[in-house]
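Chain and residue survey
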Amino acid sequence: NNYFKIAVLPGDGIGPEVVNESVKILDAIAEVFHYKFQFAYGIVGAEAIFQTGNPLPEETLKICKDSDAVLFGAIGDPSFDNNPDAKVRPEQGLLKLRKELGLFANIRPLKTYPSLIGKSPLKQEIIDGTDIQIFRELVSGIYFGEKFTEEHGNYAYDICKYSREDILPIVHMAFREAQKRKKKLTLIDKANVLDTSRLWRKICRETANEYPDVELDFMFVDNAAMQLILNPKQFDVIVTENMFGDIISDEASVIGGSIGLLPSASIGDENALFEPIHGSYPQAKGKGIANPVASILSTAMMLDYLKLELAAAKLRASVEYAIENKYVTVDLNDKQPYSTSEVGDFIVDYIKFSEKSYYNF
Ligand code: IPM
Ligand code: MN
């Protein structure tokens with residue numbers, strides 16, 4: 001199959017700018033590898049609220065369901081963050097999209113780049129060589145449990161719920177990934193306090209019998225937050241519930257030197273969505289300074305998902321080449337920064353004109 005339908009949801013803030021670079025790059029990949037990507041654009045988030053009152057219009061959901069994969073930018077707008085009374089929020093668009101598409105596993109890879117090692121505030125010898133895959137459960141837990149605010153606003157709750165069906169598929173996925181890697185899986189939880197965490201532990205223990213070659217261990221989330229920056233190299237694959245995964249993946253991004261580098265894939269049985277882990281960064285909107293690498297590497301994860309592994313490898317090599325040659329945005333080089341689109345153009349050129357024989361096409 002050489003023909004793919006890609007839903008493109010640029011969203012808010014710097015989303016459109018970074019996604020634009022990914023689309024440019026997909027066009028270059030289509031040219032070089034003789035694929036065809038057909039893009040269908042949809043609105044989501046604050047943008048969609050302003051236009052339609054709905055953070056996830058039906059039309060957008062339909063575009064996503066009809067596609068082979070979704071390329072997502074970012075979501076969020078300060079006008080909502082500072083308004084506690086807002087009933088409709090941009091984030092609801094993304095959460096509903098994840099739920100409707102059944103994207104139960106959010107995969108967040110994290111590694112260091114030799115040339116960027118000095119960009120992290122952490123010591124080089126601690127982070128050098130870190131290579132972690134975080135598997136974050138994405139459509140259950142406290143994000144999706146019953147929520148309530150009493151009418152005077154003096155009482156509220158959010159319920160954290162998990163069932164075996166919510167946990168088992170992502171646990172299997174994480175075990176399979178560990179088998180392909182260093183064969184170590186860590187469940188991050190709070191099993192000393194939470195019933196839901198004890199359920200996660202039980203299911204992980206049971207599932208471990210099917211993966212005897214993988215070493216399973218458990219770590220409380222408070223300790224994990226510390227261990228991640230004290231000794232990140234002890235981790236290989238991490239699996240965790242929705243909110244812990246949200247928090248530790250932002251923390252872990254410090255290891256890579258910039259949150260602008262980190263991609264993610266959200267996978268379900270029938271759909272998949274690819275988005276940077278960074279947010280909408282409204283302060284940078286329209287300035288052409290946002291780092292497009294997180295979106296571009298999310299695109300590489302999309303190519304892998306579509307089984308275009310050769311193109312994915314080529315794209316990753318191109319990104320690495322740009323980074324190693326300091327062709328980076330201001331977050332990574334404030335002395336001689338390149339703009340969002342300059343970094344994208346550089347990668348496009350590398351894909352088109354670098355030595356082709358090596359890849360044999
Ligand atoms: C993320 C984001 C989202 C989340 C927000 C925007 C709802 O922080 O993808 O990590 O909390 O999941
Ligand atoms: Mn987050």
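Since this is a predicted model, take the numbers as computed values, not measurements.

To continue, consider the environment of A294. The topology assignment puts A294 in helix α11 (residues 293–305). Sequence separation between A294 and V19 is 275 residues, and the spatial gap between their C-alpha atoms is 9.7 Å.

Neighbouring residues of ligand 1: I75, G76, E91, L94, L95, D246 and I277. The element contributing the most residues to the shell around ligand 1 is helix α5 (residues 90–100), with three residues. A class-by-class count of the residues in the shell around ligand 1 yields four nonpolar, one polar and two charged.

In this section: the UniProt feature "domain: Isopropylmalate dehydrogenase-like" (unreviewed entry) in the protein. Mapped onto the present numbering, the UniProt feature "domain: Isopropylmalate dehydrogenase-like" (unreviewed entry) falls at residues 5–347. Counting secondary structure, residues 5–347 comes out at 43% helix and 19% strand; the distance between its end C-alpha atoms is 23 Å.

For the rest of this paragraph, the subject is the environment of K62. Tracing the sequence through the fold places K62 in helix α3 (residues 58–65). Once the C-alpha coordinates of K62 and G73 are considered, the two residues, 11 residues apart in sequence, prove to be 18 Å apart.

Per the domain assignment, the segments of the protein are domain 1 (1–109 + 257–361) and domain 2 (121–256). With centres defined by C-alpha atoms, the gap from domain 1 to domain 2 works out at 24 Å. For the side of domain 1 that touches domain 2, the elements supplying multiple residues, two or more each, are α5 and β4 (105–111). In terms of residue count, β4 provides more of the side of domain 1 that touches domain 2 than any other element does, five residues in total. The residue makeup of the side of domain 1 that touches domain 2, split by class, is 10 nonpolar, five polar and three charged.

A rise of 1.5 Å per residue sets the reference length of α11, with its 13 residues, at 18 Å; its end C-alpha atoms lie 18 Å apart and thus fit the reference within 8%. The element α11 is largely enclosed, with a buried count of 11 among its 13 residues. Here α11 has its buried residues at V293, A294, S295, I296, L297, S298, T299, A300, M301, M302 and L303. Packed against the buried residues of α11 are α1 (15–33), β3 (69–74), β11 (263–267), β12 (272–276), α12 (309–324) and α13 (340–353). Of the residues one or two after α11, K307 is the one with positive phi, at around 65°.

Bringing the pairing of strand β1 (residues 3–11) into the picture now. Where β1 meets strand β2 (residues 36–41), six bridges bridge the pair, whose relative direction is parallel. By the bridge assignment, V8 is partnered in β2 with Y41. After leaving β1, the chain enters α1 and then returns to the sheet as β2, a path that is right-handed. Sheet topology note: the β1/β3 ladder contains five bridges and is parallel.

As a further point, take the nonpolar core. Core analysis: the largest hydrophobic core is formed by 98 residues, its most contacted members being V70, L71 and F274. No other element matches α11, which puts eight residues into this core. The residues that make up this core include at least three from each of domain 1 (1–109 + 257–361) and domain 2 (121–256). In this view, F274 contacts A69, V70, L71, F72, A265, S298, T299, M301 and M302; residues no more than four positions away in its chain are not counted.

Calculation criteria
Counting restarts for each chain: residues are numbered from 1 in the order of the written sequence. Going through the entries in the order they are written, you letter the chains from A and number the ligands from 1. Totals for whole chains, interfaces and linings use every residue, but because this is a predicted model, local features are given only for residues with pLDDT of at least 70 and side-chain atom pairs only at 80 or more, for both listing and counting. Secondary structure elements are taken from DSSP: a helix is a run of H or I of four residues or more, a strand is a run of E of two residues or more, and numbering for both begins at the N terminus. Should the C-beta atom of a residue, placed from the backbone, lie within 6 Å of a molecule or strand, that residue is near it. Residue classes follow a fixed rule: Ala, Val, Leu, Ile, Met, Phe, Trp, Tyr, Cys and Pro count as nonpolar, while Asp, Glu, Lys and Arg count as charged, and any other residue, Gly among them, counts as polar. UniProt positions are given in the numbering used here, feature names are shortened, and annotations may be inferred rather than shown by experiment. Each domain's extent is set by a domain assignment, obtained either automatically or from a database. One less than the residue count of a helix, multiplied by 1.5 Å, gives the span that helix is expected to have. Exposure classes come from backbone-placed C-beta atoms, where a residue is buried if 20 or more other C-beta atoms lie within 10 Å of its own, exposed if 12 or fewer do, and partly exposed in between. A pair of residues counts as a contact when their C-beta atoms, built from backbone coordinates, are within 7 Å of each other. The pairing criterion for strands is at least two bridges between them, as found by DSSP. Handedness is read with the strands pointing away from the viewer; a crossover is right-handed when the path from the first strand over the helix to the second is clockwise. By definition, a nonpolar core groups buried Ala, Val, Leu, Ile, Met, Phe, Trp, Tyr and Cys residues that connect through C-beta atoms lying within 7 Å of each other.

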